[in-house]
Amino acid sequence: MSGAAGNQTSSGDTDDYSYGSWYIDEHQDGQELQPEGVVPSCHPSVSPGLLHACLAVLSILALLLLAMLVRRRRLWPHCGHGRPGLPSPVDFSAGDGPRTVPVAIFMVLFSSLCLLLPAEAPLPFLTLASPPSRDGETENPRGPWKMLALLYYPALYYPLAACATVRHGASHLLGSVLSWAHFAVQVWQRAECPQVPKIYKYYSLLASLPLFLGLGFLSLWYPVQLVRSFSHRTGMGSEGLQNSYPEEYLRTVLCQKKLGSSSHTSKHGFLPRAWICFRPYIYIPQRGFRLPLKLVLSATLTGTAIYQVALLLLVGVVPTIQKVRAGITTDVSYLLAGFGILLSEDRQEVVELVKHYLWALEVCYISALVLSCSLTFLVLIRSLVTHRANLQALHRRAALDPGPLPQSPHPSRQAIFCWMNFSAYQTAFTCLGLLVQQIIFFLGTMALAFLVFVPVLHGRNLLLLRLLESLWPFWLTLALAVTLQNMAAHWVFLETHHGWAELTNRRVLYAATFLLFPINVLVGAVVATWRVLLSALYNAVHFGQMDLSLLPPRAATLDPGYYTYCNFLKIEVSQSHPAMIAFCALLLRTRTPRPLLAPQDALRVGAEEEGMQLLQTKDPVAKGTGPRAHRGRTRWGLAYTLLYNPALQAFRKRALADARANGTQP
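Residues numbered from 1 in each chain as written. Predicted model: local features only at pLDDT ≥ 70, side-chain atom pairs only at ≥ 80, totals over all residues. Heavy atoms only, no water.

## Looking at the overall build of the protein chain
When helices and strands are tallied, the protein chain shows 27 helices and 4 strands. Every one of the 666 residues in the protein chain was classed for burial, and the buried ones make up 34%. Relative to all contacts within the protein chain whose residues are 6 or more apart in sequence, the contacts with residues 24 or more apart total 74%. Looking at the protein chain as shown, the accessible area adds up to about 41800 Å², and 65% of this sits on carbon and sulfur atoms. (Helix = DSSP H or I, 4+ residues; strand = E, 2+ residues; numbered from the N terminus. Buried < 20%, exposed > 50% of the residue type's maximum accessible area, 1.4 Å probe, protein only. Contact = heavy atoms within 4.5 Å. Areas by Shrake-Rupley, 256 points an atom, 1.4 Å probe, with all protein chains shown as cover.)

## Description of unusual backbone geometry
Its identity is not glycine, yet N505 carries a phi of approximately 55°, on the positive side. Along the chain, N505 falls in the loop between β4 (500-503) and α18 (506-515).

## A word on the side chain of T386
Relative to the helices and strands, T386 is located in helix α14 (residues 347-395). Only 2.9 Å separates the side chain of T386 from the side chain of R382, close enough to count as a polar contact. The contact partners of T386, leaving out residues within four places of it in the chain, are D547 and Y565. (Polar contact = N/O pair within 3.5 Å; in protein donor to acceptor, adjacent residues only side chain to side chain.)

## Some points on the packing of aromatic side chains
This model, assessed by the stated rule, comprises 11 aromatic pairs. Ring centres 5.5 Å apart and planes at 85° place the aromatic pair F92 and W419 in the edge-to-face group. Of this pair, F92 sits in the loop between β2 (83-84) and α3 (100-114) while W419 sits in helix α15 (residues 413-458), placing them 327 residues apart in sequence. Among the residues examined, W419 registers a relative accessible area of 18% and is labelled buried. Each residue in the set F422, Y565 and F568 is aromatic and connected to the rest through ring pairs, giving one cluster. (Phe/Tyr/Trp six-rings, centres within 6.5 Å; stacked < 30°, edge-to-face > 60°.)

## Description of the pairing of strand β3 (residues 494-497)
Sheet topology note: the β3/β4 ladder contains 4 bridges and is antiparallel. Looking at the pairing, T496 lines up with A501 of β4. Connecting β3 to the next strand, β4, in antiparallel fashion are 2 residues, including H498 with a positive phi near 55°. (Pairing = 2+ DSSP bridges.)

## What to know about the nonpolar core
Generally speaking, a soluble globular protein has its nonpolar side chains buried in company with each other. In this structure, V101, Y153, Y157, L160, L211, L218 and Y222 are the most contacted members of the largest nonpolar core, which totals 38 residues. Among the elements of the structure, α2 (48-69), α3, α5 (142-166), α6 (169-192), α7 (203-207), α8 (209-231) and α12 (293-326) are those that each provide at least two residues to this core. Among the elements that take part in this core, α5 stands out by supplying 11 residues, more than any other. With sequence-adjacent residues up to four places away left out, L218 is seen in contact with V101, A104, I105, L160, S179 and P223. Judged by nonpolar contacts, the second largest core, of 29 residues, contains L313, L343, Y365 and V379. (Core = buried A, V, L, I, M, F, W, Y, C linked by side-chain atoms within 4.5 Å.)

Right, here's the structure in full:
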């Protein structure tokens, strides 16, 4: 009995299903064991909710101080020093303002919205009101709070952006404090919790790189402007107006000189010819022309969206494939045998084949992602060239290349709505277009790899090649039909008499058309399939390009992206035309410096001609002309400007009553 009991005990110690092995994974001494590869929840020393609450309070105080700096003298000119006004975060119509600050702000804002994906609490200060559960997540539903977070983050960064538009020493000081606070909070959070348990352990850190870049730039830009405001207290009054972009644009247009053709254009070589071919598709800045701020923001947001979506697609799939490939064992042969797939008799060889197939799948996925990002970036560069060409055409009152010009130059409700949504639409189209391209290219590369390359290299599973081999009569018939018809059309049914091409052998032509009709139906089916694939590929590549309609020209207005783009250009040209802005600036400037007046007092009847005379030209022939010719050019320039800028006519209602003031009477 004792020996049997001893044998039973010894055999129980080695049994895999013994009682002692049931609780082998249980935590001991109150410590829970984490599975391998799982990132534990991070518990920072300072709650993120408390940090964001401090940032929100600081932003509100900064916004109140900025509101005290902005005075509304028009509404309350005699009540103290004017009432406080809400500062604007971005001056979209300013051509000479700092563009790097709005670009950095929008980059930070979009990156913050992208970080909502792995965030446990969409609104960080909610953790102060509702404590997290055992697993580190808040118990509140995340859907409504995520919608509210879409309004919270723009309001959080509103004062940081408004500090640049006030252009005051105190605003630069507030901007420095805010930018340092935001940057310090982000660095503190990422330093304490560099890993997150969702999506990928380093996704939050990698997705924060554009945010660090934008906040780091702002934390340097605002102190530099603060030092400049103390060293140059004269401001940017007449000096900024002297070298403004509108006057530079107008001077470039009026002083254009035709350059003679040089001998350098006839260079022979691969690089010069390649540069000539690719130059129309590469955006090169031109002297005297700048893209509007909205287009610059759209290009920056497109680049940021490419990075964020590519990062999400990369870290969401590739690490999973690598984990699956590392965990493949010989049991996979039984799994494949259950589906009727027999790769080899040797189990170890099956493991190697499956690992090789997973590696090929990973290569296909990464290759498709690189191709999608490259094409999206090239489309962005090509769009900048199209934007410039369209704006220059509209400045001349010409028609757009892709479609018709909007009928009325005046702003409308639809145009204003489209102008407000243009940058947001561009960002959304880029994200969705990149996702669609990734799916299409991944399926295409995977089909090409597993149906052609892998079977050819291993000499097995040649399904596609065997299918094509079995259908060789079909493909041979189609190839012969297409070849014979083209040869007959060139040598039998077409003759040239005295330099003119004419049809001949009409009976044979009609007979061949009738007899080859069934075969041409099959050829049409193949061409229709190719047309579907080609149109899908073309639309997927150009999905994020709003300046190009994905519909035919007659239905171009039904494309919401192209419709938004046309109305956006309409607002930009009618409200931010550089020639109109330069004309207004010249009207408001006088020969001798005078105290700054209100806009309604600075514009006088009859002062338009005096403003046009201030436009200096570098043409020596024009300087040598008499006063009568100079007065004639001034009047013609004034009439031309008013003709193509109807918004200025409201300021000349009294002057138009006198024909002599309009410059039309000799």
